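Breakdown of the fold
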Amino acid sequence: MAVCFHRRDFLALSAAIAAPALAPLRAAETGQVRRIADADRIRGLLLGSMIGDALGGPIEFQASASVTDHVLNCRAWPDTRAVTENDLREFGQSLKLMPYERFRPETEAYGQWQTNAPAGTVTDDTRHKMVLINALRDAQANARLPLTQQDLARAYLQFADTPAIVSRSQYGDLCEESFREFAKAAHWVLGNRHLEQAAPPDRIWGGVPTCCGQMTMLPLAALYAGR
């Protein structure tokens, strides 16, 4: 069997495949906690994306030639390449959690927050999901479901004060830099109009579209499917 892998069509195809599976996850207007089966699907989505983050973090942004030993040079595959079962098998066998020392040894605000980070270390792709999980936990504990923009905004502003951050002295500055744009948007959502602290959400990164929304959009889509 061969699969024609067109990168530009991949997201649309994935959405079409996922739609039937996500249908049972449509949020009830009452905001009731979901059934265990639904929670398992969402947990799988979160864990799967975090594993992908840990796998890809060490080689993110690297030139294809420098990581051939780790990803079979698949970055250079053309859009029209037919991916075979053997290709997929070899690719799966090549996927291993790697330490950051070889490719990204220094700390990065939007990447790893440890020098020579060990294998399994995550980046901002996962930290944004941590913010969302914190917001959901707080909203559930205080009977404020379904989640609101204000709930998520508060979670962004409170992330720097969570034990995971304050217990590591080197994380403070990295956290502030990584979440600066989101903190401005969060202040705006919560009613702050002092422009030295706040900015409308559509002005994040100067209004230039980026991939940042992917970091929380998938879990939010699971919670509010179809909305």
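The following paragraphs examine the structure supplied in this document. (Residues numbered from 1 in each chain as written. Predicted model: local features only at pLDDT ≥ 70, side-chain atom pairs only at ≥ 80, totals over all residues. Heavy atoms only, no water.)

**What about the overall build of the chain?**
What the chain contains, in helices and strands, is 10 helices and two strands. Listing the helices and strands of the chain from first to last along the sequence gives β-α-α-α-β-α-α-α-α-α-α-α. Looking at the chain as a whole, 31% of its 227 residues qualify as buried. As displayed, the chain has an accessible area near 13800 Å², and 58% of this comes from carbon and sulfur atoms. (Helix = DSSP H or I, 4+ residues; strand = E, 2+ residues; numbered from the N terminus. Buried < 20%, exposed > 50% of the residue type's maximum accessible area, 1.4 Å probe, protein only. Areas by Shrake-Rupley, 256 points an atom, 1.4 Å probe, with all protein chains shown as cover.)

**What to know about the nonpolar core**
Counting residues in each nonpolar core, the largest one holds 28 residues, and the members touching the most others are W113, V131, L147, Y156 and F179. Mapped onto this core, the elements with two or more residues apiece are α2 (36–56), α5 (124–141), α6 (149–158), α8 (171–178), α9 (180–189) and α10 (214–223). Setting aside chain neighbours within four positions, we find Y156 in contact with H128, V131, F179, F182, A186 and T216. Among the nonpolar cores identified, the runner-up in size contains five residues, and I59, V67, M98 and F103 belong to it. (Core = buried A, V, L, I, M, F, W, Y, C linked by side-chain atoms within 4.5 Å. Contact = heavy atoms within 4.5 Å.)

**Describing the pattern of salt bridges**
It is possible for side chains bearing opposite charge to pair when their charged atoms get close. One pass over the structure, following the stated rule, counts eight salt bridges. Here R81 makes a salt bridge to D87, at a shortest N to O gap of 3.2 Å. With relative accessibility at 28%, the residue R81 sits in the partly exposed group. Looking at D87, the relative accessible area reads 14%, which means it is buried. A salt bridge links R180 to E176; the shortest N-O distance between them is 2.9 Å. (Salt bridge = Lys/Arg side-chain N within 4 Å of Asp/Glu carboxyl O.)

**A closer look at the packing of aromatic side chains**
For the structure shown, the criterion picks out six aromatic pairs. Ring centres 5.2 Å apart and planes at 65° place the aromatic pair W113 and Y171 in the edge-to-face group. In this pair, W113 sits in the loop between α4 (85–94) and α5 while Y171 sits in helix α8, placing the two residues 58 residues apart along the sequence. An aromatic cluster is built from Y156, F159, F179 and F182, whose rings are joined through pairwise contacts. Above the plane of the ring of W77 lies R81, whose end atom (NZ or CZ) is 4.0 Å from the centre. (Phe/Tyr/Trp six-rings, centres within 6.5 Å; stacked < 30°, edge-to-face > 60°. Lys NZ or Arg CZ within 6 Å of the ring centre and 35° of its normal.)

**Brief notes about the packing of α5 against α10**
When two helices pack together, their arrangement is given by the angle between the helix axes and the distance between those axes. Contact geometry of α5 with α10 gives a least axis separation of 8 Å together with a crossing angle of 40°. As summarised for this structure, α5 and α10 are arranged oblique, according to the angle between their axes. Pair α5 / α10 crosses with right-handed handedness. Mapping the contact onto sequence places D124, D125, H128, K129, L132 and L136 in α5 and Q214, M215, T216, P219, L220 and L223 in α10. The residue inventory of the contact of α5 with α10, partitioned by class, reads six nonpolar, three polar and three charged. (Axes fitted to C-alpha atoms, helices over the stretch in contact; angles between N-to-C directions. Parallel < 35°, antiparallel > 145°, perpendicular 65-115°, else oblique. Left-handed = near helix turned anticlockwise from the far one by under 90°. Nonpolar A, V, L, I, M, F, W, Y, C, P; charged D, E, K, R; others polar.)

**Observations regarding α5**
Look at α5: 26 Å from first C-alpha to last across 18 residues, which is about the 26 Å you get at 1.5 Å a residue. Along α5, the residues classified as buried are D124, T126, R127, H128, K129, V131, L132, A135 and A139. (Expected span 1.5 Å × (residues − 1).)

**Notes on the side chain of D151**
Within the secondary structure, D151 is located in helix α6. With a relative accessible area of 4%, D151 lands in the buried category. Polar contacts involving the side chain of D151 include one to the side chain of T148, which spans 3.0 Å. Sequence-distant contacts of D151, defined by excluding residues within four places in its chain, comprise A135, A139, R144 and P146. (Polar contact = N/O pair within 3.5 Å; in protein donor to acceptor, adjacent residues only side chain to side chain.)

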